[in-house]
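Listed below are the residues making up each chain.
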Amino acid sequence: MTPDQYCKNKLKESKTNFALPFIFLNPQKKKALIALYAFCREVDDIADNCIEYEVGLAKLNWWHSEINNLYQDNPQHPVTKALLEPVCKYNLNQNYFIEIIDGMKMDLDFNRYEDFKQLQLYTYRAASVVGILAAHIFGFENKKTLDYAHNLGIALQLTNIIRDVGEDIRRNRIYIPLNDLKQFKIDENDFKGHADPKKLINLMEYQILRAKSFYSKAFSLLPKEDKNRQLPGMMMGYIYYDLLLSIEEGNLANILNERTQLTPIRKFYIILKTILKIIT
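Model, not experiment: these values are computed from the prediction.

Colleague: Just checking my understanding: could you explain the overall build of the chain for this structure?
Modeller: The helix and strand tally for the chain stands at 13 helices and zero strands. Helices and strands appear in the chain in the N-to-C order α-α-α-α-α-α-α-α-α-α-α-α-α. For 280 residues, the compact-globule formula gives about 19 Å, and the C-alpha radius of gyration of the chain, at 19 Å, lands near that figure. Here the C-alpha coordinates of the chain stretch approximately 55 × 55 × 30 Å along the principal axes. For the chain, the residues scored as buried account for 52% of the 280 residues in total. Taking contacts inside the chain between residues at least 6 apart in sequence as the whole, the part at least 24 apart equals 71%. On the chain, roughly 13,900 Å² of surface is accessible, and the fraction owed to carbon and sulfur atoms is 50%. The average position of the 37 basic charges and that of the 34 acidic charges among the side chains of the chain differ by 6 Å.

So, in structure tokens, the structure goes:
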């Protein structure tokens, strides 16, 4: 199996929305994005699946060393071998890959976040940095595009947190800031399944409003001259924004037990709408 085939298999196994916009990329950029996704999947799986803290930390430290190998032109893992060409071609900064690993270390260190400031650092490392790397691969002229990618990454991660809130609680993880729970007078134990419906709805509406603000900021920051090249990222943004709206329109009182998903037809409809926004 070649490094590129290894990365493609990672993408197929995940069944992620991340793959949808790839059909609009040329082969080189597609390979680069798939390799980037495979790297994210490798380190994220460590954070998700390692029961013993020391084992997870050792594995993430190994990836830290492997990124150093990559930037010394000596990668050992199939994923870093697949990343070797994109790193040079698209001038991908080594520190961004380290930030992603540090984000996964936060998942080992914390299963609660005291406030949004602390959570925002996690969302930056886990999602914004990936968006910034993707923006480099897509290409841009105006550096404001990186600010767009930064804010869009936070918006996407907040949407994931909102969608997966019940699933995360069952894994003993709470990504909703604890001071938000306190603000809406929800006890952490109640949040695990017995929260007052009205309080829960108010809490989740607040989270949705926060996520919307980051979508709004992101889309307002994307320079006109870079919209065509950043089209795949915009598609992802609008798919997740539609997901957020679907969550908002659903039964928020039962959000801990339901996981909202968009149909494939709905996703392709959003992709077509995004294309029309660019060309009209």
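Let us keep going from here.
Colleague: Explain the layout of surface pockets here, please?
Modeller: With a probe scaled to a water molecule rolled over the atoms, the places where space remains empty come into view. The space that makes up the second largest pocket amounts to roughly 270 Å³. Every residue lining the second largest pocket is counted, 15 residues in all, and those nearest its centre are Ala47, Cys50, Ile51, Asp107 and Arg173. Secondary-structure elements contributing two or more residues to the lining of the second largest pocket are helix H2 (27-49) and helix H5 (94-109). Residues that form the lining of the second largest pocket fall into these classes: six nonpolar, three polar and six charged.

Colleague: Looking at this model, I keep getting lost on unusual backbone geometry. Mind explaining?
Modeller: Among all residues save glycine, negative phi is the norm, and among peptide bonds the norm is trans. Residues other than glycine seldom take positive phi values, yet Asp73 does so here, at roughly 60 degrees. Assignment of secondary structure puts Asp73 in the loop between helix H3 (53-70) and helix H4 (78-89).

Colleague: What's the story with the domain arrangement of the chain in this structure? I'm lost.
Modeller: With domains assigned, the chain is organised as domain 1 (1-109) and domain 2 (110-279). Between domain 1 and domain 2, the C-alpha centre-to-centre distance is 22 Å. In this assembly, 27 residues from domain 1 lie in contact with 30 residues from domain 2. In total, about 2,700 Å² of surface goes out of reach between domain 1 and domain 2, with carbon and sulfur atoms giving 72% of it.

Colleague: Quick question: what am I supposed to make of the confidence of the model for the chain here?
Modeller: As a note on interpretation, predicted positions should not be read in detail where pLDDT is low. This prediction gives the chain a mean pLDDT of 93; 98% of its residues lie at or above 70. Summarising per-element confidence for the chain, the mean pLDDT is lowest in helix H10 (residues 188-191) (83) and highest in helix H7 (residues 144-163) (98).

Colleague: Sorry, what's going on with the side chain of Gln157 here?
Modeller: Positionally, Gln157 belongs in helix H7. In this structure, Gln157 is in contact with Tyr122, Thr123, Ala126 and Ala127, ignoring residues within four places of it in sequence.

Colleague: Help me out: how do you make sense of the nonpolar core in this one?
Modeller: Taken as a class, soluble globular proteins show a tendency for nonpolar side chains to be buried jointly. Counting residues in each nonpolar core, the largest one holds 98 residues, and the members touching the most others are Phe39, Phe97, Ile176, Phe191, Met204 and Ile255. No other element matches the 13 residues that helix H6 (residues 116-138) contributes to this core. Two domains share this core, each providing at least three of its residues, namely domain 1 (1-109) and domain 2 (110-279). In this structure, Ile176 is in contact with Tyr113, Ile161, Val165, Leu181, Phe191, Leu203, Met204 and Gln207, ignoring residues within four places of it in sequence.

Colleague: How should the packing of aromatic side chains be read in this particular structure?
Modeller: Here the distance between the centres and the angle between the planes together describe a pair of aromatic rings. With the rule as written, the count across this model stands at 13 aromatic pairs. Taking the centre distance of 5.6 Å and the plane angle of 40 degrees together, the rings of Tyr113 and Tyr122 count as tilted. Here the two residues Tyr113 and Tyr122 agree in accessibility, since each one is buried. When the ring of Tyr113 is compared with that of Tyr175, the centres are 5.8 Å apart and the planes differ by 20 degrees; the resulting orientation is stacked. In this pair, Tyr113 sits in the loop between H5 and H6 while Tyr175 sits in the loop between helix H8 (165-170) and helix H9 (178-183), placing the two residues 62 residues apart along the sequence. Classification of Tyr175 by relative accessible area gives buried; the value is 9%. Of the aromatic side chains, those joined through ring pairs into one cluster are Phe39, Trp62, Trp63, Tyr71 and Phe97.

Colleague: Just to check I follow, could you spell out helix H11 (residues 197-221) for this structure?
Modeller: Residues three or four positions apart in an α-helix share a direction because the helix packs 3.6 residues into each turn. The end-to-end C-alpha distance of H11, which contains 25 residues, comes to 36 Å, matching closely the 36 Å that a straight helix rising 1.5 Å per residue would cover. For H11, the full list of buried residues reads Leu200, Leu203, Met204, Gln207, Ile208, Arg210, Ala211, Phe214, Tyr215, Ala218 and Phe219. Backbone nitrogen of Lys198 and a side-chain oxygen of the N-cap are separated by 3.0 Å at the start of H11; the cap is Asp196.

Colleague: How should the packing of helix H12 (residues 231-249) against helix H13 (residues 264-279) be read in this particular structure?
Modeller: Each pair of packed helices can be described by the angle between their axes along with the distance between the axes. It is at 9 Å that the axes of H12 and H13 come closest, and there the two elements cross at 130 degrees. As the angle between them shows, H12 and H13 are arranged oblique. Seen from above, H12 lies across H13 with right-handed handedness. Packed against H12, whose contacting residues are Leu231, Met234, Met235, Tyr238, Ile239 and Asp242, the element H13 presents Arg266, Lys267, Ile270, Ile271, Thr274, Ile275, Lys277 and Ile278 at the interface. Split by residue class, the contact of H12 with H13 holds nine nonpolar, one polar and four charged.

Procedures and definitions
Residues numbered from 1 in each chain as written. Predicted model: local features only at pLDDT ≥ 70, side-chain atom pairs only at ≥ 80, totals over all residues. Heavy atoms only, no water. Helix = DSSP H or I, 4+ residues; strand = E, 2+ residues; numbered from the N terminus. Rg over C-alpha atoms; globule rule 2.2 N^0.38 Å. Buried < 20%, exposed > 50% of the residue type's maximum accessible area, 1.4 Å probe, protein only. Contact = heavy atoms within 4.5 Å. Areas by Shrake-Rupley, 256 points an atom, 1.4 Å probe, with all protein chains shown as cover. Lys, Arg positive; Asp, Glu negative; His and termini not counted. Charge placed at Lys NZ, Arg CZ, Asp CG, Glu CD. 1 Å grid on protein atoms, 1.4 Å probe; cavity = no way out; pocket = protein on both sides within 12 Å on 5 of 7 lines; lining within 4 Å. Points joined across faces, edges and corners; volume = space filled by probe spheres on them. Nonpolar A, V, L, I, M, F, W, Y, C, P; charged D, E, K, R; others polar. Domains from an automatic or database assignment. Buried area = accessible area lost by both parts, 1.4 Å probe. pLDDT = per-residue confidence, 0-100. Core = buried A, V, L, I, M, F, W, Y, C linked by side-chain atoms within 4.5 Å. Phe/Tyr/Trp six-rings, centres within 6.5 Å; stacked < 30°, edge-to-face > 60°. Expected span 1.5 Å × (residues − 1). Polar contact = N/O pair within 3.5 Å; in protein donor to acceptor, adjacent residues only side chain to side chain. Axes fitted to C-alpha atoms, helices over the stretch in contact; angles between N-to-C directions. Parallel < 35°, antiparallel > 145°, perpendicular 65-115°, else oblique. Left-handed = near helix turned anticlockwise from the far one by under 90°.

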